[in-house]
Amino acid sequence: LIAERIRNGFVGVRRAAMREALQRGIQRGELEADMNVELALDLLSGSMLWRSLMSGESINEGYTREVVQRVLRAFEPSVAGTRRTSGGSKRGRAKA
């Protein structure tokens, strides 16, 4: 009951706002057209929940900006002839 109220209350409202922002990024071509929006939402909100509830560390603007930048970078459209490395950078494809 408590979890349902949280999901349908503040958390639901915040996820809906983030979902709309991600959809705008997809429409503008800034994010992959076929990206997993729910996964991106989980990555964004999960890191914040973990930090505040489990580690007890504060969430400041710098941390929030870094999380958002890294998640958005992970869902950037790839450019023809490049591949994304595990660190999020793009490198030319190796020739076979």
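Just so you know, these numbers come straight off a predicted model, no measurement behind them.

## Details of the nonpolar core
Step number 1: Counting twelve residues, the largest nonpolar core consists of Leu22, Ile26, Leu31, Met35, Val37, Ala40, Leu41, Leu44, Met48, Val67, Val71 and Phe75.
Step number 2: Put simply, the parts of the chain that give this core at least two residues each are helix 2 (10-27), helix 3 (37-55) and helix 4 (61-74).
Step number 3: Examining the composition of this core, we find that five residues originate from one element, helix 3, more than from any other.
Step number 4: Not counting chain neighbours up to four residues away, the residues in contact with Leu41 comprise Arg15, Met18, Arg19, Leu22 and Gly46.

## What to know about helix 4
Step number 1: The end-to-end C-alpha separation of helix 4 is 20 Å, in line with the 20 Å expected for 14 residues at 1.5 Å each.
Step number 2: Of the residues that open helix 4, the one with a side-chain oxygen 3.2 Å from the backbone nitrogen of Gly62 is Asn60.

## Considerations on the packing of aromatic side chains
Step number 1: A full pass over the atoms with the stated rule returns zero aromatic pairs.
Step number 2: Positioned over the ring face of Tyr63 is Arg51, at 3.9 Å from the centre of the ring.

## Observations regarding the packing of helix 2 against helix 3
How two helices sit against one another is set out by the angle between their axes and by the gap between those axes.
Step number 1: Direction vectors running N to C along helix 2 and helix 3 enclose 125 degrees, while the axes themselves pass 10 Å from each other. Classified by the angle their axes make, helix 2 and helix 3 are oblique. Note on packing geometry: the crossing formed by helix 2 with helix 3 is right-handed. Contacts between helix 2 and helix 3 involve Arg15, Met18, Arg19, Leu22, Gln23 and Ile26 on the former and, on the latter, Val37, Glu38, Ala40, Leu41, Asp42, Leu44 and Ser45.

## Focus on the pattern of salt bridges
Here the idea is simple: oppositely charged side chains can pair when their charged atoms come close.
Step number 1: Tallied over the entire structure, the rule returns seven salt bridges.
Step number 2: Here Asp42 makes a salt bridge to Arg15, at a shortest N to O gap of 3.1 Å. Residue Asp42 is located in helix 3, and its partner Arg15 is located in helix 2; the two are separated by 27 residues in the primary sequence.
Step number 3: Looking at Arg15, the relative accessible area reads 16%, which means it is buried.
Step number 4: The closest approach of N and O atoms between Arg28 and Glu30, which form a salt bridge, is 3.0 Å.
Step number 5: Since its relative accessible area comes to 44%, Glu30 is described here as partly exposed.

Conventions used here
- Residues numbered from 1 in each chain as written.
- Predicted model: local features only at pLDDT ≥ 70, side-chain atom pairs only at ≥ 80, totals over all residues.
- Heavy atoms only, no water.
- Core = buried A, V, L, I, M, F, W, Y, C linked by side-chain atoms within 4.5 Å.
- Buried < 20%, exposed > 50% of the residue type's maximum accessible area, 1.4 Å probe, protein only.
- Helix = DSSP H or I, 4+ residues; strand = E, 2+ residues; numbered from the N terminus.
- Contact = heavy atoms within 4.5 Å.
- Expected span 1.5 Å × (residues − 1).
- Polar contact = N/O pair within 3.5 Å; in protein donor to acceptor, adjacent residues only side chain to side chain.
- Phe/Tyr/Trp six-rings, centres within 6.5 Å; stacked < 30°, edge-to-face > 60°.
- Lys NZ or Arg CZ within 6 Å of the ring centre and 35° of its normal.
- Axes fitted to C-alpha atoms, helices over the stretch in contact; angles between N-to-C directions.
- Parallel < 35°, antiparallel > 145°, perpendicular 65-115°, else oblique.
- Left-handed = near helix turned anticlockwise from the far one by under 90°.
- Salt bridge = Lys/Arg side-chain N within 4 Å of Asp/Glu carboxyl O.

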